[in-house]
Amino acid sequence: MTSNHKPLTELNAWKDLVVHHGNGIPKISELFATDPQRGEKMTVEAAGIFLDYSKNRITEETLKLLFRLADESNLRARIEAMFSGEKINITENRAVLHVALRAPEEELIFVDGENVVPKVHEVLARMKVFAEKVSSGSWKGYTGKPIRNIVNIGIGGSDLGPVMAYEALKHYSDRNLTFRFVSNVDGTDFAEAVIDLDGEETLFIVSSKTFTTIETMTNALTAREWLLKSFRGDVKAVARHFVAVSTNGAEVSKFGIDTDNMFGFWDWVGGRYSMDSAIGLATMIAIGPDNFMDMLKGFHSMDVHFRTAPFASNLPVIMGLLGLWYTDFFGAETIAVLPYEQYLKRFPAYLQQLTMESNGKHVTLNGTEVDYHTSPVYWGEPGTNGQHSFYQLIHQGTRLIPCDFIAFAEPLNQIGRHHDILIANVFAQAEALAFGKTIEQVRDEGVPEWLAPHKVFEGNRPSNMILARKLTPETLGKLVALYEHYVFTQGVVWNIGSFDQWGVELGKVLAQRIIPELESVTEHKLTHDSSTNNLIRRYRAMKV
Ligand code: F6P
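Small disclaimer: the values here were computed from a predicted structure and weren't measured.

Following G383, the chain continues to T384 via a peptide bond in cis, the omega torsion being 10 degrees. Of note, D112 is a non-glycine position whose phi angle comes to about 50 degrees, a positive value. For F211, which is not glycine, the phi dihedral falls at a positive 60 degrees. Inspection of the secondary structure puts F211 in the loop between β7 (202–207) and α9 (214–229). We classify F211 as buried; its relative accessible area is 1%.

Take a look at the structure:
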């Protein structure tokens, strides 16, 4: 199967949405004024996640049309295709089965005639044994010292998930262990990560789906050299201080890591969808196997919700369609994700790969150029910090920036009035964005005429409010799965391949060509464009 559906802009629902949008959507304040129950009606709660989507530029009619758009895009069938292991990643001829990573043991999910669920649980069991050995101190370093430091080396999906989950769940983590995450090929990342570590007490987890990624391999080789200094070059130490997470056993062996110390996953797990696979080994060591399993339970409950709930009460579908509504009909170029939870400080960075590497595509599954916009840019920072930085633009700038606010009723650190103040702020921001402040209100406050326009808030700026009880491993799983399926929903409607990432290839290839041109003692004959040639020459002349 290639195309999901006929060209998007030819779908009846799309055409009706164009007309509906053209007729004008009343302002959010008007929508609330005409329906006093709107704030209660336009909400949905599933799997313990509450979503208030009432502060959006939508009417009941908009929603109806968006759900029809999902129907006409065959979303239901595509969801089934994903869950049942069809090879929906057509450009790589792969199934897309991150949902199998959190499937209960008794579930059956087949890829090429093989039930993959037992394999998933086998790896989870091995991870559990290993994680317990490390945290109990029974996994010893080469000189018999217990491991106290864990350094995850990986990039993209082999870094962003683990680091986000570690930060998000730090509250639940083993504070006797130190965790570091090295991703950048910039040597500073490695240097700073190990600056205060003792090699005899350090374990490196080399995480790479392919085990060929230049950044990760460069960092892993540097880590090996660094480690061997603690053992006077005795290579036998490597086996006690390096483990690998990969789909590529051959490359892991070539690197010198015993495949007994390798935790596998499969080509049907995309890098950006892998934080709940063995790529989560560092997460499991940090929070313990039980918490890790709770996180998987959270993922699974959102999977079940996404697969079974009608679109009108389906969290990922509603949010995905709203994102698409602003992108394609209002020209919104970005969406801000604003967690009011300090532990989620890396969540926006994690979402950037999930959303933009998945849906930053310019052709449909058929290879034809799209004539509508696909993924917007995602960005964000935790509240309330962002309020004192970029919120000015969201409130009074000239661009429309839909916001996803994320908040929790219970804090993980209950200190004085902090949490009520935090939550008052997130509610206030959503209120201010939606309802603004008119020039009349400003004048009524006695503000002089010359100053009044500066104090006007236009309002009508949309936001979603995601509210959950408490940030737990289970909640994190639900939240991540919510956005995974949000991305899926949009990808299906846009009719694009959400599970490949060809856009990262060209730069990689060109860098491989430039590396020797920078490193060689003698100057290469340069055949790039004049700018690149000039930059290479200048760099060579400047570097020490
Ligand atoms: O940036 C491209 C990419 O392939 C991502 O999709 C992936 O998460 C990352 O590189 C790392 O890849 P690997 O896990 O194979 O090292």
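The strand order across the open sheet built from five strands is β6-β5-β7-β8-β9, with neighbouring strands paired in parallel fashion. This sheet does not close on itself; its edge strands, each paired only once, are β6 (178–182) and β9 (262–264). Across the sheet, the mean angle separating the axes of adjacent strands is 20 degrees when strand polarity is ignored. The pairing of strand β8 (residues 242–246) with β9 spans three bridges and is parallel. The residue bridging S246 from the neighbouring strand is G264, located in β9. Sitting on the sheet, helix α6 (residues 117–136) is in contact with β5 (149–153), β7, β8 and β9, with an inclination near 145 degrees to β9. In this fold α9 packs onto β5, β6, β7 and β8, with an angle of close to 160 degrees to the strand it touches most, β7.

Within the structure shown, the criterion is met by 28 aromatic pairs. Aromatic pair Y166 and F179: ring centres 5.1 Å apart, planes at 35 degrees, arrangement tilted. Here F179 lies in strand β6 and Y166 lies in helix α7 (residues 160–168), a separation of 13 residues in the sequence. Between F190 and W226, the aromatic rings sit 6.3 Å apart at their centres with planes inclined by 80 degrees, giving edge-to-face as the arrangement. Taken together, the residues F190 in helix α8 (residues 187–194) and W226 in helix α9 connect sequence positions 36 residues apart. Relative accessible area serves as the criterion here: at 6%, F190 is assigned to the buried category. Here W226 falls in the buried class, since its relative accessible area comes to 17%. By the ring-pair criterion, three or more aromatic residues cluster together here, those being W14, W325, Y326, F329, F330 and Y372. The aromatic ring of F263 is capped on one face by R126, whose charged end is 4.7 Å from the ring centroid. Sitting above the plane of the W139 ring, R240 keeps its charged end 4.1 Å from the centroid.

Thresholds, definitions, all that
Residues numbered from 1 in each chain as written. Predicted model: local features only at pLDDT ≥ 70, side-chain atom pairs only at ≥ 80, totals over all residues. Heavy atoms only, no water. Helix = DSSP H or I, 4+ residues; strand = E, 2+ residues; numbered from the N terminus. Buried < 20%, exposed > 50% of the residue type's maximum accessible area, 1.4 Å probe, protein only. Pairing = 2+ DSSP bridges. Axes fitted to C-alpha atoms, helices over the stretch in contact; angles between N-to-C directions. Contact = heavy atoms within 4.5 Å. Phe/Tyr/Trp six-rings, centres within 6.5 Å; stacked < 30°, edge-to-face > 60°. Lys NZ or Arg CZ within 6 Å of the ring centre and 35° of its normal.

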